[in-house]
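Observations on the model geometry
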Amino acid sequence: MGRRRVDIVVLSDVHLGTFGCRAKELSSYLKTISPEILILNGDFIDGWQFSKYYWPRSHMKVVRQIVRFLAKGVQVYYLTGNHDEFLRKFSPFKMGNFQLSDKLVLDVDGKRAWIFHGDVFDVMMKHSKGLVRLGSIGYGALILINKLVDLFSRLFGRGRLSLSKRIKNGVKKAVKYVDDFEATAVELARKKGYDYVICGHIHHPVILEVRGKEKGLVYMNAGDWVENMTSLEYLDGAWTIHRFLDAVSTPVGNPVHKTPKLPDLPGEMPRAAKGMAR
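Here's what I pulled together on the structure shown here. (Residues numbered from 1 in each chain as written. Predicted model: local features only at pLDDT ≥ 70, side-chain atom pairs only at ≥ 80, totals over all residues. Heavy atoms only, no water.)

**What about the packing of aromatic side chains?**
Each aromatic ring pair is described using two quantities: the centre-to-centre distance and the angle formed by the ring planes. Heads up, the condition is: Ring pairs shown here join Phe, Tyr and Trp side chains whose ring centres sit within 6.5 Å, with only the six-membered ring taken for Trp; geometry is labelled stacked below 30 degrees between planes, edge-to-face above 60, and tilted in between. Strands here mean DSSP runs of E at least two residues long; helices mean DSSP runs of H or I at least four residues long; both are numbered from the N terminus. Type-normalised accessible area, obtained with a 1.4 Å probe on protein chains alone, sets the label of each residue: buried when under 20%, exposed when over 50%, and partly exposed for intermediate values.
Counted under the stated rule, the structure contains eight aromatic pairs. Ring geometry for Phe-44 versus Tyr-78: centroids 5.8 Å apart, planes at 85 degrees, classification edge-to-face. Taken as a pair, Phe-44 in the loop between β2 (33-41) and α2 (57-71) and Tyr-78 in strand β3 (residues 75-79) lie far apart in primary sequence, 34 residues in all. There is no split in this pair, since Phe-44 and Tyr-78 are both buried. Seen in terms of ring centroids, Trp-114 and Tyr-194 are 5.2 Å apart; in terms of plane orientation they differ by 20 degrees. Their pairing is stacked. Linking Trp-114 in strand β7 (residues 111-116) with Tyr-194 in the loop between α6 (172-192) and β8 (196-199), this pair joins segments that are 80 residues apart in sequence. Considered together, Trp-114 and Tyr-194 belong to a single accessibility category, that of buried residues. Among the aromatic residues, those joined into a cluster by ring pairs are Tyr-29, Trp-225 and Phe-244.

And the structure:
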């Protein structure tokens, strides 16, 4: 079966090197596409939980597939996130058609896309990084438990089950955090005059056409390859969310349109986010 032509593919939060990474599914997905531009939008490798004792073949296979894309002339952008922040000391770096950076401004058919991971909005990352790392370990444990529950669920014909998604969706603070994150990204993008703002970090795939004073601005999140197994794809002037499990793409017009309410951020906005707004 031939590969699908795609102008741009955005992957976020793959978390290679962790038990929760869906590397086999990602590898299968990469075999189906032929992109002109591939953007790895942060947390591609998980430096927080990385161990020399755990690096399966499936994880190495994903890396090799990215290298093959490079060999074929695909432009690959690696944007750093919080879990692979160790790479930020080497950023910016460019070699051939590979570029390492912390953020990216890309011209997409005459419109400007502002692309970055999004951890700069995370106040906890600034003030309580140790607590965030501890939470990451707990999240990893929950993903492992979820794998077992998911296995039994499918064995009994109940289909896939994501405990972590249900827990996050059911906790009001988590829902508010997502809303605040989206609203902050939209506000900064509006101030800088961008047409698209594309993030990762929160594992929440979505495309939102913003109405109101920010009319024409589109916020997007590529999701992750731990729970959702999603990517953003751009082809022939249209953005879609591709969901691996369903093997379908959701066009930009399908999600609910809304203008996120701007949050009252606790204290000051993180310094890095302030810098981005200038």
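The discussion continues.
**Remarks on the sheet that holds strand β9 (residues 206-209)**
The strands making up a sheet are joined through hydrogen bonds of the backbone, oriented either antiparallel or parallel. As a reminder, the rule being used: Two strands qualify as a pair provided that DSSP identifies no fewer than 2 bridges between them. Here, axes are lines fitted to C-alpha atoms. For helices the fit covers the stretch in contact, and angles between N-to-C directions go from 0 to 180 degrees.
A sheet is described by the order of its strands in space; here five strands give the open sequence β6-β7-β8-β10-β9, paired in mixed fashion. Whereas interior strands pair on both sides, the edge strands pair on one side only; in this sheet they are β6 (103-108) and β9. Taking the axes of each pair of neighbouring strands and ignoring which way they run, one obtains an average angle of 15 degrees across the sheet. Bridge count between β6 and β7: six bridges; the pairing is antiparallel. Its bridge partner being in β7, Asp-107 is matched across the sheet by Arg-112.

**Quick look at the packing of helix α1 (residues 23-30) against α2**
What counts is decided by this rule: Angular relationships are summarised with four words: roughly parallel below 35 degrees, roughly antiparallel beyond 145, roughly perpendicular across 65 to 115, and oblique for the angles in between. Take the far helix as your reference; a near helix turned counterclockwise from it by less than a right angle gives a left-handed crossing, and one turned clockwise gives a right-handed crossing. Should any heavy atoms of two residues lie within 4.5 Å, those residues are counted as being in contact. Only Asp, Glu, Lys and Arg are considered charged in this grouping, and only Ala, Val, Leu, Ile, Met, Phe, Trp, Tyr, Cys and Pro are considered nonpolar; every other residue, Gly among them, is considered polar.
At a minimum axis distance of 8 Å, the contact between α1 and α2 shows a crossing angle of 25 degrees. Taken together, the axes of α1 and α2 lie roughly parallel to each other. Relative to α2, α1 is oriented so that their crossing is left-handed. Between α1 and α2, the contacting residues are Ala-23, Lys-24, Leu-26, Ser-27 and Leu-30 on the first element and Ser-58, His-59, Lys-61, Val-62, Gln-65, Ile-66 and Phe-69 on the second. Here the contact of α1 with α2 is built from residues that sort into six nonpolar, four polar and two charged.

**Points about the side chain of Ser-231**
The cut-off we apply is this: N or O atoms within 3.5 Å of each other form a polar contact, as long as, within protein, one can give a hydrogen and the other can take it, and as long as residues adjacent in sequence are counted only when both atoms are side-chain atoms.
Mapped onto the elements, Ser-231 comes out in strand β11 (residues 230-235). What makes Ser-231 buried here is its relative accessible area of 1%. Of the polar contacts made by the side chain of Ser-231, one reaches the side chain of Tyr-29; its length is 2.8 Å.

**What about unusual backbone geometry?**
It is generally the case that most residues other than glycine have a negative phi and that most peptide bonds are trans. In this structure, the amide linkage connecting Ser-91 to the following residue, Pro-92, adopts the cis form with an omega of 0 degrees. The residue Pro-92 is located in the loop between β3 and β4 (93-95) in this model. Even without being glycine, His-15 reaches a positive phi, approximately 60 degrees. The residue His-15 is located in the loop between β1 (4-11) and α1 in this model. The backbone phi angle of Asp-236 is positive, close to 50 degrees, even though this residue is not glycine. Relative to the helices and strands, Asp-236 is located in the loop between β11 and β12 (238-243). Overall, the relative accessible area of 59% leaves Asp-236 in the exposed class.

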